[in-house]
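Fold and geometry: a report
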Amino acid sequence: MSAVPALRLSHVCRQFGALRAVHDVTFDVMPGERRAVLGPNGAGKTTLFNTICGDFPPTGGSITLFGDDITTLKPHHRTRRGIGRTYQTSLLFNGLTVLDNLYLAVRGVRPNRFSFRAPKATDPDMIAARTMADRMRIAHMLATQVDQLSHGQRRQLEVGMALASGPKVLMLDEPAAGLSPGDRPELLKLLKDLPRDLTLVLIEHDMDVALPAADIVTVMKDGEVVVEATPDKIESDPVVQAIYLGGGH
Amino acid sequence: MTPARTTVISLIGLAVLVVAPLVLLAILPQNQAQFWTSNILGRGLVFGLIALSLTFLATYGGFISLAQMTVAGVAGYTVAVLTQGAVPTIVGGLPYALTIPAGLFASVLAGLLIGAISVKTRDIYLLMITLALAMGVFRFVETNIAWFNGYEGIRNVVGPDIFGLSFRSTYVFYYSVVASCAVLYFGILYLVRSPFGLVLQGIRDNPRRVSALGYNVGQHRIAAFGVAGFIAGCGGVLATIYNIGISPGSIGLGASVNILIISVIGGLGHPIGAFVGSIIFTVFDTFAATIYDRERFNTLIGLVFLIIVLVSPDGVVGLKGRLMALLKPKQAKEAKSP
Ligand SMILES: Nc1ncnc2c1ncn2[C@@H]1O[C@H](COP(=O)(O)OP(=O)(O)O)[C@@H](O)[C@H]1O
Ligand SMILES: [Mg+2]
């Protein structure tokens, strides 16, 4: 492998007190690669995302983004360098409109993000926010305050906000979590339509969703990586079968 | 409320304030009309400005600070210390054209400093740390003779002449106050549409997401306290001129808590609440003391405060929404019944 990995995790650990939520995780995500992270509840998947985006930085190991060490950077600096993520439970600005949520997401990576000047409707960032609403199929809700959205629309907005900054590496944490069967296809179509050259790390509980979307799959359990394989080998892997069929025992 | 409706209601409120002195002159004897204009409406709006700085922080950032009266005092003391003619002369020698901007600059600095000191705290901890700062400044000023003339304070800050008219004239004072309130209030309505204002509201709703989007949360918080410092400073300068001076009592515990009471009575959900609350407070403050004695006023305003908090946590401004919500299901039921 000669190319610089988009994301490189080396022996990443995260402890909460005595709990090893993530322990000694090492893998590379190459530019344009799509990696799925599977594992039972409490395996440490979300915590792994938190170490990468900086919400809970690693307590051990290191992380590089396109060769630059970002292990100790503040979350906002990581975002400015091209990491975008969604949250398992939506973290939206409930008191603002859909358009303002997306506009903030677009502005966050601009050099002039701190500004006292209200944007006009023709502001390029406003236009970008509208375009993103269109892509996320919530363009008809632009002026709606976010606490009025349905759960499905919130999930679509959640993905839109992560995409709006044009991240180089996109991390999606169970984007379809809690969606009703009626809302699911809409979101899955959104994910399918993501540009193929986007580097993607996807946490997904449902193998039927994760496997077709991924180039490579990491399976975690108790904070550690237990299997790394291509999607076609995953379902037949004995360890994976033990985790998924053996229940939580 | 939609932004358009807010603007309309605000403009109506402004129009009422502009014509109020004329209406008062028409229905009351001249000395009473002037008393209402300056001592009730004018004074109410001045303290409304200081409360506005708190309402701005609370409504859009979710920050409740007890140090806004202190910040106002920083502006007031700066003017009093520097202005020619103030008694006693501490630095003196400077005209209002310089000392008022200096006062506002000082209050912005004070706001930024308080914002920076409290940048990691929220909720009750923010309240406590701002209270501690306020009381620290109060004690320091009260005991420092060289710079602040101790508990006696500084007198004879009479205010500038505007276009040859004395600030001591009821109407010059009143309309200067109304103009300041209008500029700052509409300034806030503009500011909350700017990236800064939107980020501030984002911090209120979800600080973790704000930083995940690439914004520096601390920087925006500190800036918000700086903006609030400017607003409070305008109120502090006007209050000092209204009182013809400033003394430590005006930045003590009682005064600091009064700003919070004013904001809560008016409603922390919208900046207009600061003025509504302040005028209500001023009416009580003025007349309760003449009906009862001073101690009864505290009981009375405490009672009003309690009722507001229990009946309508978003204050008098939120009362209408609450009444509508109470009436609506009733109407719906009545419409359904044959
Ligand atoms: N902020 C936190 N503080 C303490 N423990 C945490 C925190 N976040 C996660 N954990 C713990 O870390 C473990 C892994 O959780 P998580 O990463 O959310 O798992 P997953 O996303 O795979 O379901 C769990 O035992 C969880 O309770
Ligand atoms: Mg999780």
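Along each chain, residue indices are assigned from 1 in the same order as the chain's sequence is written. Following the order in which they are written, the chains are lettered starting with A and the ligands numbered starting with 1. Whole-chain, interface and lining totals are the exception, using all residues; otherwise, since this is a predicted model, local features are given only for residues with pLDDT of at least 70 and side-chain atom pairs are given and counted only at 80 or more. Heavy atoms throughout the structure, all of them, feed into the side-chain values; hydrogens and water do not.

On to the interface of chain B and chain A. Whether two residues touch is decided by their heavy atoms; if any such pair falls within 4.5 Å, the residues are in contact. Opposite the 26 residues of chain B that make contact, chain A presents 32 residues. When chain B packs against chain A, close to 2500 Å² is buried across both sides, 60% of that on carbon and sulfur atoms. The term buried area means the drop in 1.4 Å probe accessible area that two parts suffer when joined, counted for both and summed. In terms of surface lost to chain A, no three residues of chain B exceed R208, R209 and L213 of chain B, which account for 27% of the buried area on that side. We note a salt bridge from R208 of chain B to D55 of chain A, for which the minimum N-O separation is 2.5 Å. In protein, a polar contact means a hydrogen-donor-capable atom and an acceptor-capable atom, both N or O and within 3.5 Å, with residues adjacent in sequence counting only if both atoms are side-chain atoms; elsewhere, any N or O pair within 3.5 Å suffices. Our count for the contact surface shared by chain B and chain A stands at 13 residue pairs in polar contact (both at pLDDT 80 or more). If you list the elements that add at least two residues to the side of chain B that touches chain A, you get helix 7 (170-191), helix 8 (195-205), helix 9 (207-212) and helix 10 (217-242) of chain B. It is helix 8 of chain B that contributes the most residues to the side of chain B that touches chain A, eight residues altogether. When grouped by side-chain class, the residues that make up the side of chain B that touches chain A number twelve nonpolar, nine polar and five charged. Any Lys or Arg side-chain nitrogen located within 4 Å of an Asp or Glu carboxyl oxygen qualifies as a salt bridge. Strands are runs of DSSP state E lasting at least 2 residues, helices are runs of H or I lasting at least 4, and numbering of each runs from the N terminus. Gly counts as polar in this scheme, as do all residues outside two lists: the nonpolar Ala, Val, Leu, Ile, Met, Phe, Trp, Tyr, Cys and Pro, and the charged Asp, Glu, Lys and Arg.

For a helix, the expected span equals 1.5 Å multiplied by the number of residues minus one. Across its 21 residues, helix 5 (residues 123-143) of chain B extends 31 Å between first and last C-alpha, which sits within 8% of the 30 Å expected from 1.5 Å per residue. Next to the buried residues of helix 5 of chain B lie helix 3 (68-82), helix 4 (96-117), helix 6 (145-148), helix 10 and helix 11 (253-266) of chain B.

All names here are of chain A. A strand pair is defined by DSSP finding two or more bridges across the two strands. Here six strands make up an open sheet; going across it, the order is 6-7-8-3-9-10 and the pairing mixed. Two strands bound the open sheet, and with one partner strand each, they are strand 6 (83-85) and strand 10 (224-229). Ignoring strand direction, the axes of neighbouring strands in this sheet form an average angle of 20°. As defined by bridge partners, strand 7 (residues 169-173) adjoins strand 8 (residues 199-203) across five bridges and the pair is classed as parallel. Bridge pairing in strand 8 links L172 to L202. In this analysis an axis means a line fitted to C-alpha atoms, helices contributing only their contacting stretch, and an angle means the value between N-to-C directions, from 0 to 180 degrees. Across the face of the sheet, helix 5 (residues 151-164) comes into contact with strand 6 and strand 7 while running at roughly 160° to strand 7.

For the rest of this paragraph, the subject is the packing of aromatic side chains. A pair of Phe, Tyr and Trp rings is counted when the ring centres sit within 6.5 Å of each other, with Trp represented by its six-membered ring. The angle between the planes then sorts it: under 30 degrees is stacked, over 60 is edge-to-face, the rest tilted. Under the defined criterion, the tally for this structure stands at 14 aromatic pairs over all chains. Ring geometry for F116 of chain A and F196 of chain B: centres 4.8 Å apart, planes at 70°, overall edge-to-face. Taken together, the positions of F116 of chain A in the loop between helix 3 (98-107) and helix 4 (124-135) and F196 of chain B in helix 8 put the pair across two chains. Measuring from ring centre to ring centre gives 5.4 Å for F173 of chain B and Y242 of chain B, while their planes differ by 35°; the resulting arrangement is tilted. A residue pair is termed long-range when its members are at least 10 positions apart, and F173 of chain B in helix 7 and Y242 of chain B in helix 10 qualify at 69 residues.

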